[in-house]
Amino acid sequence: MVDNSGNLSVEEWLSRAQEFVPVALEKAREVKGFPGRWRMIISKLEQIPNRLSDLSSHPFFSKNALCKEQLQTVSKTLNEAVELAEKCMKEKYEGKLRMQSDLDALSGRLDLNLRDCGLLIKSGVLGEVTLPSSVASTSAAPEVAVHGNLRELLARLQIGHLEAKHKALDNLLEVMKEDEKNVLAVLGRSNIAALVQLLTATSPRMREKTVTVICSLAESGSCENWLVSEGVLPPLIRLVESGTTVSKEKATISLQRLSMTAETARSIVGHGGIRPLIEICQTGDSVSQAAAACTLKNISAVPEVRQALAEEGIIKVMMNLLDCGILLGSKEYAAECLQNLTSGNDDLRRSVVSEGGIRSLLAYLDGPLPQESAVGALRNLVGSVSTDILISLGLLPRLVHVLKSGSLGAQQAAASAVCRICASTEMKRLLGEAGCIPLLIKMLEAKANGVKEVAAQAIASLMSFAHNCREVKRDDKSVPNLVQLLDPAPQNTAKKYAVACLSLLSSSKKCKKLMISYGAIGYLKKLNEMDIPGAKKLLERLERGKLRSLFSRK
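Residues numbered from 1 in each chain as written. Predicted model: local features only at pLDDT ≥ 70, side-chain atom pairs only at ≥ 80, totals over all residues. Heavy atoms only, no water.

Considerations on helix α12 (residues 233-242)
Move 1: For α12, the complete set of buried residues consists of L233, P235, L236, I237, L239 and V240.
Move 2: Those residues of α12 that are buried are in contact with α9 (189-198), α10 (204-220), α11 (224-229), α13 (245-258), α14 (262-270) and α15 (274-283). (Buried < 20%, exposed > 50% of the residue type's maximum accessible area, 1.4 Å probe, protein only. Helix = DSSP H or I, 4+ residues; strand = E, 2+ residues; numbered from the N terminus. Contact = heavy atoms within 4.5 Å.)

Quick word on the domain arrangement of the protein
Move 1: If you check the domain split of the protein, you get domain 1 (10-87 + 100-123), domain 2 (356-475) and domain 3 (489-553).
Move 2: Taken over C-alpha atoms, the centre of domain 1 sits 91 Å from the centre of domain 3. (Domains from an automatic or database assignment.)

Some thoughts on the nonpolar core
Move 1: Among the nonpolar cores identified, the biggest contains 137 residues, and M318, L505, M515 and L524 are the most heavily contacted of them.
Move 2: Setting aside chain neighbours within four positions, we find M515 in contact with V479, V483, L502, L505, S506, A520, L538 and L542.
Move 3: If you look at the next biggest cluster of nonpolar residues, it comprises 40 residues, including A24, A28, I48 and C117. (Core = buried A, V, L, I, M, F, W, Y, C linked by side-chain atoms within 4.5 Å.)

Focus: the side chain of K428
Move 1: Here K428 shows up in helix α26 (residues 425-434).
Move 2: Despite being buried, K428 has no salt bridge partner; E426 is the closest side chain of opposite charge, sitting 12 Å away.
Move 3: At 2.6 Å, the side chain of K428 forms a polar contact with the side chain of S464.
Move 4: Not counting the four nearest positions on each side in its chain, K428 is found in contact with C422, A423, S461, L462, S464, F465 and N468. (Lys, Arg positive; Asp, Glu negative; His and termini not counted. Salt bridge = Lys/Arg side-chain N within 4 Å of Asp/Glu carboxyl O. Polar contact = N/O pair within 3.5 Å; in protein donor to acceptor, adjacent residues only side chain to side chain.)

Section: the state of the cysteines
Move 1: If you walk through the whole model with that rule in mind, you get 0 disulfides.
Move 2: In this model C215 remains outside any disulfide bridge; the closest cysteine sulfur is found in C223, 12 Å from its own.
Move 3: When its relative accessible area of 2% is taken as the criterion, C215 is described as buried.
Move 4: C422 takes part in no disulfide bond, and the closest cysteine sulfur, belonging to C419, lies 6.0 Å away. (Disulfide = S-S within 2.5 Å.)

Points about the packing of helix α3 (residues 48-56) against helix α5 (residues 96-122)
The geometry of a pair of packed helices is captured by two quantities: the angle between their axes and the separation between those axes.
Move 1: Packing of α3 against α5 brings their axes to within 9 Å, and their N-to-C directions diverge by 25 degrees. When the axis of α3 is compared with that of α5, the two are roughly parallel. Considering the relative orientation of α3 and α5, their crossing is left-handed. Of the residues in α5, those touching α3 at I48, R51, D54 and L55 are L110, L114, R115, C117, G118, L120 and I121. (Axes fitted to C-alpha atoms, helices over the stretch in contact; angles between N-to-C directions. Parallel < 35°, antiparallel > 145°, perpendicular 65-115°, else oblique. Left-handed = near helix turned anticlockwise from the far one by under 90°.)

Side note on the side chain of S300
Move 1: Within the fold, S300 resides in helix α16 (residues 286-300).
Move 2: With residues near it in sequence (within four places) discarded, S300 still touches R306, L309, C337, N340 and L341.

Here is the structure:
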């Protein structure tokens, strides 16, 4: 029997393995029974010397614990081959089926030994295990040594039996908790491939540990392309479908991160990922539910897959999350998903409206800090229903609430919604009475050009109703804010709406004086040269007013 005490050196284990190969081959060739199986075993035994030679010729062969362990494993396998050959020759075995099974297991172990010897060379782990004395004295030595140890640990994911891989995963998880940066620095594509393969291991515990590592890698943001190209999506989706509670959560979080690119989002749909993710939204715990909702939101950003999402019932699921989601994050992702689905697709807009989506979105907006996504979804939907229904559902006070308390993006979406619904005189009156105008005027002071543009557009639309125009005149900030928007700079996209608003205000002497005092004439001269609609007429009106003012002083 082989001495597995570990007291022998690497060279001694090599010598022992080399001595065992001819013995095992001689015994195997003498066996008469099970000829097909023994021919296959012999062909694999014949490959071992070359693998051992490749391994032993590496300059750092004797310095690596993996080499010693691998030689011990090869020696043990060779010893088993000798024992099975002797049993077959003496016909001392417990039935043919049992012996066939034992021979198949031996053949599999030989395959594994041959593969693992090759991987030790290919993985590069041998090259960083020992440092030359010149390097060992430098300050860089600790980091290089850490990298070498990590390479050895990562190599163990690919080499050896299941229990060894369990232990390697445990160690890797511990290292990643404390030193993820160094793990990512030495991680190679072959290590990613090995991890992806372990996702389909027969052991649920192995799959759980592996997906925990992959989840950390996905969240790091440094190897998404490798993960996807090595085929991580199908096993992740299967784990979402039927893994343990921990596996489901980690797999869903992994998909959440990976789905941020349109190409991967399409692949998730192509691999049948929609249905498992929807089920997690309906039945999962809070963390899994939020991750699944975010993944579906990411997928819904890809226009060509929106119909497939709708066919799986995503609209009702997202509305249910809006109404009953466990975490605020789940509700926010649901609102973003509905915003994406209703962007540029009339059929999906009608579906959301018919399912009661407007009511759910409005209820969500009652919170203390209304978010952009829900307002954006409402903006997409307001054109699909009558103004009477919108008023009866309480849209207007919600828009005012958003203009007053929402994030800047939410305010911009609310102003855009105002532009879409104020086609009729009656709606303009109601919006004015609801208190929109002062809030829109305040938005003209925002730094973002898009915010200022949509606020100016909304004010211009509302001012065609006389009472609203008077309210704008009464606001001390309206004229200075609007004059600032006459800036001819290309990035200022609000200038045409500012001209429209100021033209409506120019019937007031007080407003004209204010416009002149804030420098409107200089701006308008440049806008006139740029052929901005209404600029010439407003300029003439202000210049006439300025002349009259000069004459009256004389």
